[in-house]
Amino acid sequence: MHRQSLVDYGKPLQATEAPTPSPQGSEVLLRVSHCGVCHSDIHLQDGYFDLGGGQKLDVRGNRPLPFTLGHEIAGTVEAAGPEAKGVTQGKFYAAYPWIGCGKCGLCARGDEHLCNAPRVLGVTVDGGYATHVLVPHPRYLMDVDGIAPAIASALMCSGLTGYGAVKKALPYLRVGPLLIVGLGGVGMMGLQFARALTDKPIFVADIDKTKREAALTLGAAEAFDPADGGVRKAIMKASGGGVGAAVDFAGSDKSFAFAHAPVAKGGAAIVVGLIGGSFTLPVPMFPLRALTVMGSYVGSTGEAAEMIELVKAGKIAPIPVEKRPLDQTSKSLDDLREGKIVGRVVITP
Ligand SMILES: [Zn+2]
Ligand SMILES: [Zn+2]
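This one's a predicted model, so the numbers in the text were calculated from it and none came from an experiment.

K.L.:
I would appreciate a short explanation of the overall build of the protein in the present structure.
P.N.:
Tallying secondary structure elements over the protein gives 10 helices and 17 strands in all. Seen through its C-alpha atoms, the protein measures out along the principal axes to roughly 60 × 40 × 40 Å. Contacts in the protein between residues far apart in sequence, at least 24 positions, make up 69% of those at least 6 positions apart. Accessible area of the protein: about 15100 Å², with a carbon and sulfur share of 55%. Across the protein, the 34 positively charged side chains and the 32 negatively charged ones have centroids separated by 5 Å.

Laid out in structure tokens, this is it:
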């Protein structure tokens, strides 16, 4: 099999070859047709997340190098182990990548994406910037019939991240409207899922005017520029005293400072993005504002299935996708890092 692999942290990916694995037990071998390029691949390539104040979260772990990144995977079944039941040779699936150990309490309750001994495709085990990928069990193969293949792959990361976060916000919308901060790919997905899941008004905020306008055409009730001096007051006024929930899809010190400020008493601020930085709030403000602060990280297999149903029902506008060959993977990560990518890049090995 051909791969584009991480051979050293902070260095470009390189072409590597490995024997194509033959699936054992419940394993399924996918012939990768699409693998989305994701911002988190950049952090994995660097080997750390920026925690602000010069602090770094080392994410090198015990990953054996060369390692193949790529967690937004779709492809067709090429081979299956003897215990892999219910899979059809040649059928197209998206692979749920957020796989846990399958043995712990978190996995047993269906939260494999939160498992502390993960086997995440493209993060802890070899992923999809390759001609083939091994999936440990057919239950991670998502039926995406009727969804454009390039979009199906991205759904497992940006789609699921947007869906999982918006779902957490729903109970707080009795307090006030929803505010979505950061209108990149995930934020736009979140906006559309929110439109499908609630009749409450949805506010959006982004420094980019084009993105704000795009969000308004997708059904946002009001759009705000975080760089405007009076923006907090404007949101407080438009929401009638504060928003019920703010979802921060950027996840920087600046974006979170902006996002939590207009949350009404009894509301929630939900962090999703991983840009980095740190944040302080006087401790008494949590009880005085009855403020809930929470994080949201991708979503479970159950949420993935719910989300796919919404997409199949036509609730999500098609995302602009640019396809590139496998040998363009490293360049695509560089382009993403430099902000040169509009829409999404999907590698087609
Ligand atoms: Zn991703
Ligand atoms: Zn587990």
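That covers the picture; the talk isn't over yet.
K.L.:
What am I meant to see in the coordination of the zinc ion (ligand 1) here?
P.N.:
The expected angle between donors at a tetrahedral four-coordinate metal is 109.5 degrees. At an octahedral six-coordinate metal it is 90 or 180 degrees. Each protein donor to the zinc ion (ligand 1) is listed here as Cys38 (SG), His71 (NE2) and Cys157 (SG); together their distances run 1.9 to 2.1 Å. When the donors of the zinc ion (ligand 1) are listed by position in the chain, the intervening gaps give C-x32-H-x85-C. A residue pair is termed long-range when its members are at least 10 positions apart, and His71 in the loop between β5 (55-58) and β6 (72-80) and Cys157 in helix α3 (residues 149-169) qualify at 86 residues. Of the two residues examined, His71 and Cys157, each falls in the buried class.

K.L.:
Whenever I open this one, the coordination of the zinc ion (ligand 2) confuses me. Can you help?
P.N.:
Only Cys101 (SG), Cys104 (SG), Cys107 (SG) and Cys115 (SG) from the protein coordinate the zinc ion (ligand 2), and they sit 2.3 to 2.4 Å from it. One can describe the site at the zinc ion (ligand 2) as tetrahedral: its 4 donor atoms subtend angles covering 103 to 115 degrees at the metal. On the basis of relative accessibility, which here comes to 7%, the residue Cys115 falls in the buried class.

K.L.:
I'm lost on the sheet that holds strand β12 (residues 222-224) in this one. Help?
P.N.:
What links the strands of a sheet is backbone hydrogen bonding, and the strands pair in either a parallel or an antiparallel sense. Pairing in this open sheet of 6 strands is parallel, and the strands run β12-β11-β10-β13-β14-β15 from one edge to the other. Where the open sheet ends on each side, the last strands, each with one partner, are β12 and β15 (292-295). Recorded for the sheet is a direction-independent mean angle of 20 degrees between the axes of neighbouring strands. Relative to β15, strand β14 (residues 263-271) is paired through 4 bridges, and the arrangement is parallel. Across the sheet, Ala268 pairs through a bridge with Thr292, a residue of β15.

K.L.:
So what exactly am I meant to see when it comes to the environment of His43 here?
P.N.:
Structurally, His43 can be placed in helix α1 (residues 39-46). For His43, a relative accessible area of 10% translates into the label buried. For the pair His43 and Phe203, spaced 160 residues apart in the sequence, the C-alpha separation amounts to 29 Å. Not counting chain neighbours up to four residues away, the residues in contact with His43 comprise Tyr48, Phe49, Val59 and Leu274.

K.L.:
Sorry, what's going on with α1 here?
P.N.:
In an α-helix, one turn spans 3.6 residues, which is why side chains three or four residues apart end up on the same side. Where burial is concerned, most of α1 is hidden: 6 out of the 8 residues are buried. Every buried residue belonging to α1 is among Ser40, Asp41, Ile42, His43, Leu44 and Gln45, and all of these are buried. Gly47 sits one or two residues past α1 and shows a positive phi near 95 degrees.

K.L.:
Would you mind showing me how to read the nonpolar core here?
P.N.:
In globular proteins that are soluble, nonpolar side chains generally tend to be buried together. With 60 residues, the main nonpolar core has Tyr96, Tyr129 and Met307 as its most contacted residues. It is α3 that contributes the most residues to this core, 7 residues altogether. Setting aside its immediate chain neighbours within four residues, Tyr96 contacts His113, Leu121, Tyr140, Met142, Met156, Leu160, Gly299, Ser300, Thr301 and Ala304.

K.L.:
What should I look at first to understand the side chain of Asp225 in this one?
P.N.:
Position of Asp225 relative to the elements: it lies in the loop between β12 and α6 (231-238). In this structure the side chain of Asp225 is engaged in a polar contact, spanning 2.9 Å, whose partner is the backbone nitrogen of Ala227. In contact with Asp225, not counting residues within four places along its chain, are Asp206, Ile207, Arg212 and Val231.

What counts and what doesn't
- Residues numbered from 1 in each chain as written.
- Chains lettered and ligands numbered in written order.
- Predicted model: local features only at pLDDT ≥ 70, side-chain atom pairs only at ≥ 80, totals over all residues.
- Heavy atoms only, no water.
- Helix = DSSP H or I, 4+ residues; strand = E, 2+ residues; numbered from the N terminus.
- Contact = heavy atoms within 4.5 Å.
- Areas by Shrake-Rupley, 256 points an atom, 1.4 Å probe, with all protein chains shown as cover.
- Lys, Arg positive; Asp, Glu negative; His and termini not counted.
- Charge placed at Lys NZ, Arg CZ, Asp CG, Glu CD.
- Donors = N, O, S within 2.8 Å, 3.2 Å for Na, K, Ca; no water.
- Buried < 20%, exposed > 50% of the residue type's maximum accessible area, 1.4 Å probe, protein only.
- Tetrahedral: all angles 85-135°; square planar, octahedral: opposite > 155°, others 65-115°.
- Pairing = 2+ DSSP bridges.
- Axes fitted to C-alpha atoms, helices over the stretch in contact; angles between N-to-C directions.
- Core = buried A, V, L, I, M, F, W, Y, C linked by side-chain atoms within 4.5 Å.
- Polar contact = N/O pair within 3.5 Å; in protein donor to acceptor, adjacent residues only side chain to side chain.

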